[in-house]
Amino acid sequence: MSEILEQLNQEQRRAVECIDGPVLIVAGAGSGKTRVLTSRIAYMIEKGVDPSRIMALTFTKKAAGEMKERIARMVGEKKARHLWMGTFHSVFVRLLREFSDSIGYPSSFTIYDTSDSVSAIRTCIKQLGLDDKTYKPKDVLARISKAKNALVTADAYPDNHRAMEDDRIAKRPKLAELYKCYDTLLKSSGVMDFDDILLNMNILLKVNPAALKEIAGRFDHILVDEYQDTNFAQYRILRELMKDRPVHNLCVVGDDSQSIYAFRGARIENILNFQKDFPETKTFRLEMNYRSTKNIVNAANSLISKNEDRLPKHCVAVGGEGEKLRLIRAYTAEEEAVLITSSILSRIREAGAEYRDFAILYRTNSQSRALEEALRKRNVPYMIYSGNSFFERAEIKDMMAYLKLTVNNSDNESFKRIVNTPARGIGATSLSALEAAAAKNGISLLEAAYRSDLESFGLRASAVQKIREFCDMIRRHGEMSLSQNADAVVKSLSDACGLYRSFKEDNSVEAQSRAANIEELVSSVTGFVEDRNGEYIEALIEDGAIQDADSVSEIECPLVPLGDFLEDISLLSNVDVVEDSDGDNRVALMTAHSAKGLEFPYVYVAGMEENLFPSGGMLASEKDIEEERRLFYVAITRAKTAVALTFANSRMRNGKHESNAPSRFLREIAPQYIENPLRKDDLRSRDTEEDDIPGFRFGSGNYRPYGAKSTSTAASGPRSFTPSSSASRPFTASSSGAIRSNAPMSTVKDALSRRTLPPKNEDFVPETMDCFHTGDRIEHNRFGFGRILEITGNIPELKARIVFDNYGEKLLLLKYAKIRRASLG
DNA sequence: GTGTAATGCTATTGG
DNA sequence: AGCATTACAC
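First things first, this report covers the structure right here in the doc. Just so we're clear, the structure is a prediction, and the values are computed from it rather than from any experiment. (Residues numbered from 1 in each chain as written. Chains lettered and ligands numbered in written order. Predicted model: local features only at pLDDT ≥ 70, side-chain atom pairs only at ≥ 80, totals over all residues. Heavy atoms only, no water.)

## Overview of the protein's contact with DNA strand B
Stage number 1. Within the structure, DNA strand B sits among 27 residues, and Arg363, Asn365, Gly425, Thr429 and Asn654 are positioned closest to it.
Stage number 2. In DNA strand B, atoms within 4 Å of the protein come from the sugar-phosphate backbone in 46% of cases.
Stage number 3. Glycine 427 is positioned with one of its backbone polar atoms (N or O) 3.5 Å from a phosphate oxygen of DNA strand B.
Stage number 4. Broken down by secondary-structure element, the contributors of at least two residues to the surface near DNA strand B are helix 11 (194–207), helix 21 (428–441) and helix 28 (592–595).
Stage number 5. Counting residues per element, the surface near DNA strand B draws most heavily on helix 21, at 3 residues. (Near = heavy atom within 4 Å. Polar contact = N/O pair within 3.5 Å; in protein donor to acceptor, adjacent residues only side chain to side chain. Helix = DSSP H or I, 4+ residues; strand = E, 2+ residues; numbered from the N terminus.)

Take a look at the structure:
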């Protein structure tokens, strides 16, 4: 029997072996879903399916990367490399570029993130002379997004009675016009927003039957992870690709209980109706939970049983009883944070846990502030995985706008953002004159800058000159990017645009941190390029094109275009900006949404209060509550060993104190799984009745019940507790000067280049590459275990001759090879 | 045209 | 509370 099958339980194996025809795998939390998916792909390859004919879609880059890596371990990198594995968005972008002319886009189209989209909407609102209070940009975008997800195009929108009726009721009758305006703006800019990627994919398959045939014909198998989170647009793409086949080789994996993205268009119906869509479907249910203790699984089950809309499924924990869930009561959000911190510290003390074993989950990003403060006070290293991330900082967005405009000269929104950042004396008056000229001639702002009739629009010669200097700079780098790697272009651009210099010249802490962020971005491009080259070289080595790593330095690697880098980071999610392992030992802070797909030994869910979790906001319908309940289910089921649920009597929200009752969800978990269930007096009394439960009791009393007021956050430098702190530069950031992480934030480079497994694997001691010695037992991501025979060369060209247990002897360049030291003994 | 002060506003979740 | 846009003085 195949080795791949040996590690699976019976149901998992059946799901893996069932290669042909539609397959629905209902996979409960912790049931080995990823293992099944990866095993199934590996098994298919082993059975002779051509990997380049397999498409596997995930929601995050991280998930795709992990899977690809695991598959590479099973079948070898050489085969795994050819899989079409990636996020919906990245795979579809790749296809859209190829067939872009049939949908009226240049193949070099760029991608707008949400904030770009919002400013584009703002432009449209102004253009149509509408009031931005009745037409709030965010709301308008949400509405358009919804339409796109439902495959209602701008042209079809006015015919959609339902939508038009809704708009009339909402007193926003011009929405159709706005949609059209926005659509025109994006198209003429050669830009897509996130939703366009899916919408245009549908349009492509519809308007160009040859493309449909071609694309569908490329793949024998399609697999989809997290199917419960697909939206209508995604569903239709899959259906189109399956349409004309005798056998529908579509395998979807998901858990209806973990559907938490309805707000962005996900349709739980997709998974609920899969069997109807494909009547020949074979369904497999993975109900054995290998992740969590019985108490955790039972608690989660008792909670989710309150939902009506569910596929039949009953998860059973394989593991031991474990601890009961624990409630932690606090007066304020600040105290809550202190209690969590203390609890973490005593866990570490008593159970020998590490920082990386902990996650603190919450409903809203804003909750992270208090937690950060408490953790920082006790010197607990942490990492925030969401919210105000690296790419949301103004200076990074500015730099990104430079890059976008360089790649795509038609991008007027980016043009407007940076034409006068840093100040170049091109003010609002000049800009609107230029806009008028561009509009008159139907050309982009950048093109308009070179017209000879600019004076007739009221522009002075001096202004024209300044504008042209700016445009020249952009165009120069555009040309440069045709022949030079992304890193060279970004470096040059960052010098030429003067943004970096303007921060450097300013001596404020604020500006220095901004400059540092730009440095970070530049080094991330370098990392991206190095990584690409490394992959290329490793591929050559594996294909046998090079025998000797000595010749590596002479190899000419293919161009790494700026556009590739741009696309890569445009499609990052917030868990992607994450570095695993490699000395990264921190408590993880993130929203419950971001935590999906992850696991931790110890999980704290903070803010278990009505109006927060479940979220208040809109008049919550039962459907909304069900989604919140699923979200809470997701949160709990992240835990392997223990769960603590915390709530505060009152917390600051929007500058006001707010008091909310403990979350109804705390009552919905069957009390026998909770150590200290909710009491009647929980609204009033919050005495320190917490007791001797290891790890969930108070620390050494070093807390202040009423939330010690924050001392300066910006002044005190952040600390790093990374054990092997080689390149650890403190990372301060954010416009407010607040420190988001008390250790160097992992860089984009980390996100892009790390291919290591998540920290699940405790067999490895993280090491930096210069720590290897002859005789060391190591593990390579693809070749598995081996021993170093010899190290030669000079830094950074260190080479190691390694004999692998299963792959024989190889000479690898240490700076490219993904190697970890296996732990001793 | 640029910089700073005051005002107003607005709040999930995210690729 | 924090932020973003606006209002106003240089």
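## Focus on a nonpolar patch on the surface
Stage number 1. Where nonpolar side chains cluster on the molecular surface, the patch consists of Met288, Tyr290 and Val318 and spans about 270 Å² of accessible area.
Stage number 2. When you line up the elements, valine 318 lands in the loop between strand 10 (316–317) and strand 11 (326–332).
Stage number 3. By relative accessible area, valine 318 is classed as partly exposed at 44%. (Patch = residues over 30% accessible without salt bridge, like charges linked within 9 Å, V, L, I, M, F, W, Y side chains within 5 Å. Areas by Shrake-Rupley, 256 points an atom, 1.4 Å probe, with all protein chains shown as cover. Salt bridge = Lys/Arg side-chain N within 4 Å of Asp/Glu carboxyl O. Buried < 20%, exposed > 50% of the residue type's maximum accessible area, 1.4 Å probe, protein only.)

## Side note on the environment of lysine 138
Stage number 1. Looking at the element boundaries, lysine 138 is found in helix 8 (residues 137–149).
Stage number 2. By relative accessible area, which is 65% here, lysine 138 ends up exposed.

## Describing the pattern of salt bridges
Stage number 1. What the rule picks out here adds up to 43 salt bridges.
Stage number 2. One connected set of salt bridges, linked through shared partners, spans Lys33, Asp225, Glu226, Asp229 and Lys596.

## Observations concerning the packing of aromatic side chains
Stage number 1. Evaluation of the coordinates by the stated rule reveals 18 aromatic pairs.
Stage number 2. Taken together, a centroid distance of 5.2 Å and an interplanar angle of 55° make the contact between phenylalanine 59 and phenylalanine 88 tilted. A residue pair is termed long-range when its members are at least 10 positions apart, and phenylalanine 59 in the loop between strand 2 (54–58) and helix 4 (61–75) and phenylalanine 88 in helix 6 (residues 88–98) qualify at 29 residues.
Stage number 3. Assessed through its relative accessible area of 21%, phenylalanine 59 is described here as partly exposed.
Stage number 4. The class of phenylalanine 88 is buried, set by a relative accessible area of 1%.
Stage number 5. Ring geometry for phenylalanine 632 versus phenylalanine 665: centroids 5.6 Å apart, planes at 15°, classification stacked. Highlighted residues: phenylalanine 632 in helix 29 (residues 622–636) and phenylalanine 665 in helix 30 (residues 664–668), separated in sequence by 33 residues.
Stage number 6. Residue classification places phenylalanine 665 among the buried residues on the basis of a relative accessible area of 0%. (Phe/Tyr/Trp six-rings, centres within 6.5 Å; stacked < 30°, edge-to-face > 60°.)

## Here's the deal with the packing of helix 11 against helix 12 (residues 209–218)
Stage number 1. Helix 12 packs onto helix 11 with a crossing angle of 110° between their chain directions and a minimal axis gap of 5 Å. When the axis of helix 11 is compared with that of helix 12, the two are roughly perpendicular. Note on element contacts: helix 12 touches helix 11 through Pro209, Ala211, Leu212 and Ile215, opposite Met201, Leu204, Leu205, Lys206 and Val207.
Stage number 2. A per-class count over the contact of helix 11 with helix 12 returns 8 nonpolar, no polar and 1 charged. (Axes fitted to C-alpha atoms, helices over the stretch in contact; angles between N-to-C directions. Parallel < 35°, antiparallel > 145°, perpendicular 65-115°, else oblique. Contact = heavy atoms within 4.5 Å. Nonpolar A, V, L, I, M, F, W, Y, C, P; charged D, E, K, R; others polar.)

## Describing the side chain of asparagine 295
Stage number 1. The topology assignment puts asparagine 295 in helix 16 (residues 294–304).
Stage number 2. In terms of polar contacts, asparagine 295 uses its side chain to reach the backbone carbonyl oxygen of glutamate 321, at 3.1 Å.
Stage number 3. At 3.4 Å, the side chain of asparagine 295 and the backbone oxygen of glutamate 323 are in polar contact.
Stage number 4. Aside from chain neighbours lying at most four places away, what touches asparagine 295 is Glu321, Gly322, Glu323, Lys324, Leu325 and Tyr673.

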